[in-house]
Amino acid sequence: MNSYLPSVKREFASLKNLGEKAIGQIDEKGLVWKYNEESNSIAVIVQHLRGNMRSRWTDFFTTDGEKEWRFRDTEFEDKEFTSQDIFNLWEEGWQVLFDALNSILEKDLESTVYIRNEPHSVIEAINRQLAHYASHIGQIIYIARMIKGKAWNSLSIPKGESNQFNQKKMGK
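Every value quoted in this text rests on a predicted model; they were computed, and no experiment measured them.

Asker: Looking at this structure, I do not really get the pairing of strand 2 (residues 118–121). What am I missing?
Answerer: Side chains on a regular strand alternate between the two faces of the sheet. Inspection of the sheet shows strand 1 (residues 112–115) paired to strand 2 by four bridges, in the antiparallel sense. The residue bridging Tyr-114 from the neighbouring strand is Pro-119, located in strand 2.

Asker: Please clarify how the packing of aromatic side chains should be interpreted in this entry.
Answerer: What describes a pair of aromatic rings is the distance from one ring centre to the other and the angle between the planes of the rings. Inspection of the entire model under this criterion finds seven aromatic pairs. A ring pair is formed by Phe-12 and Trp-57, whose centres lie 6.2 Å apart and whose planes are at 90°; its orientation type is edge-to-face. Within this pair, whereas Phe-12 is found in helix 1 (residues 4–23), its partner Trp-57 is found in helix 3 (residues 42–57), the two being separated by 45 residues in sequence. With respect to burial, Phe-12 and Trp-57 carry one shared label: buried. Note on Trp-90 and Trp-94: the rings are 5.5 Å apart at their centroids and 55° apart in plane angle, and the pair reads as tilted. Here Trp-90 pairs with Trp-94, and both are found in helix 4 (residues 83–103), just four residues apart, close to one helical turn. Summarising the burial analysis for this pair, Trp-90 and Trp-94 share the class buried. By the ring-pair criterion, three or more aromatic residues cluster together here, those being Phe-12, Trp-57, Phe-60, Phe-61, Trp-90, Trp-94, Phe-98 and Tyr-133.

Asker: Please clarify how the environment of Ser-111 should be interpreted in this entry.
Answerer: Mapped onto the elements, Ser-111 comes out in the loop between helix 4 and strand 1. Taking the C-alpha atoms as reference points, Ser-111 and Val-122, separated by 11 residues in sequence, lie 5.8 Å from one another. Apart from residues lying up to four places away in sequence, Ser-111 is in contact with Phe-61, His-120, Ser-121 and Val-122.

Asker: What is the right way to read the pattern of salt bridges from this model?
Answerer: In total, this model carries 11 salt bridges according to the counting rule given. Linking Glu-92 and Arg-54 is a salt bridge whose minimum nitrogen-to-oxygen distance equals 3.2 Å. With Glu-92 in helix 4 and Arg-54 in helix 3, this pair connects stretches of sequence that are 38 residues apart.

Asker: Is there a simple way to explain helix 4 in this structure?
Answerer: An α-helical turn contains 3.6 residues, so any two residues separated by three or four positions project in the same direction. Relative to the 30 Å expected for 21 residues at 1.5 Å per residue, helix 4 spans 31 Å between its end C-alpha atoms, a close match to the ideal helical length. For helix 4, the set of buried residues is Ile-86, Leu-89, Trp-90, Gly-93, Trp-94, Leu-97, Phe-98, Ala-100 and Leu-101. The arc that holds the buried residues of helix 4, viewed along the axis, is 160°, so those residues lie on one side. Packing partners of the buried residues in helix 4 comprise helix 1, helix 2 (28–31), helix 3 and helix 5 (122–148).

Asker: Even after reading the chapter, I still don't get the pairing of strand 1, so can you show me in this structure?
Answerer: Because side chains alternate across strand 1, one face comprises the buried residues Val-113 and Ile-115, and the other comprises Thr-112 and Tyr-114, none of which is buried. The hairpin turn running from strand 1 into strand 2, its antiparallel successor, is two residues long, and Arg-116 in that turn takes a positive phi close to 50°.

Asker: Sorry, what's going on with the environment of Ser-3 here?
Answerer: Take Ser-3: it is sitting in the segment before helix 1. A C-alpha to C-alpha distance of 9.2 Å links Ser-3 and Glu-106, two positions 103 residues apart in sequence.

Asker: Looking at this structure, how should I read the packing of helix 1 against helix 5?
Answerer: When two helices pack together, their arrangement is given by the angle between their axes and by how far apart the axes lie. The interhelical angle for the contact between helix 1 and helix 5, taken along N-to-C directions, is 20°, at an axis separation of 9 Å. The angle between helix 1 and helix 5 places the two elements in the roughly parallel class. Crossing geometry of helix 1 relative to helix 5 is assigned as left-handed. Judged by residue contacts, Tyr-4, Leu-5, Val-8, Glu-11, Phe-12, Leu-15, Leu-18, Gly-19, Ala-22 and Ile-23 of helix 1 engage Ile-123, Ile-126, Asn-127, Gln-129, Leu-130, Tyr-133, Ala-134, Ile-137, Ile-140, Ile-141 and Ala-144 from helix 5. Split into classes, the residues belonging to the contact of helix 1 with helix 5 amount to 17 nonpolar, three polar and one charged.

Asker: Teacher, can you tell me more about the nonpolar core here?
Answerer: Burial of nonpolar side chains together is a common tendency in soluble globular proteins. Ranked by size, the top nonpolar core spans 42 residues in total, and within it Phe-12, Trp-57, Ile-126 and Ile-140 carry the most contacts. At the level of elements, helix 1, helix 3, helix 4, strand 1 and helix 5 are the ones that each hand at least two residues to this core. The element contributing the most residues to this core is helix 5, with 11 residues. Non-local contacts of Ile-140, meaning those with residues more than four positions away in its chain, are made with Gly-19, Ala-22, Ile-23, Ile-42, Ile-45, Val-46, Leu-49 and Trp-90.

What counts, and at which threshold
- Residues numbered from 1 in each chain as written.
- Predicted model: local features only at pLDDT ≥ 70, side-chain atom pairs only at ≥ 80, totals over all residues.
- Heavy atoms only, no water.
- Pairing = 2+ DSSP bridges.
- Helix = DSSP H or I, 4+ residues; strand = E, 2+ residues; numbered from the N terminus.
- Phe/Tyr/Trp six-rings, centres within 6.5 Å; stacked < 30°, edge-to-face > 60°.
- Buried < 20%, exposed > 50% of the residue type's maximum accessible area, 1.4 Å probe, protein only.
- Contact = heavy atoms within 4.5 Å.
- Salt bridge = Lys/Arg side-chain N within 4 Å of Asp/Glu carboxyl O.
- Expected span 1.5 Å × (residues − 1).
- Arc of directions from axis to C-beta.
- Axes fitted to C-alpha atoms, helices over the stretch in contact; angles between N-to-C directions.
- Parallel < 35°, antiparallel > 145°, perpendicular 65-115°, else oblique.
- Left-handed = near helix turned anticlockwise from the far one by under 90°.
- Nonpolar A, V, L, I, M, F, W, Y, C, P; charged D, E, K, R; others polar.
- Core = buried A, V, L, I, M, F, W, Y, C linked by side-chain atoms within 4.5 Å.

Dropping the structure here:
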């Protein structure tokens, strides 16, 4: 069990890094682009992630993860965003998350916290958020790839290069 917290912190950091690499390839116009009216832009997804992170991780042990001051529906409204606005929202959310994670001790992992009045062990609450954020980071990456097309810089192994990558990694 002593490896859970370092492992989950690495996973969150990896997600943050992937999101930043995808967002970093997109210009300001692309950050607010939507496939259709029912879709979310990268900017809206970032706005939602920030709202969720602030709500879930602020006063993590002492208040319900769904804060009274959060207005979730407004997180999905289109607004005027600059690249700097997006960066600021992104950083604010992740800072709240990492501050809370860094306050959690191994002995806290079986404690109970609440999200929308439902009890969760700390591990369950962390895993819930890890899965939630991974899905949204995946959306950001997918949207960014659609926008960039052939100009996309792969975040992992480029198409058609798996064999070369594996040979390099495995020393063959």
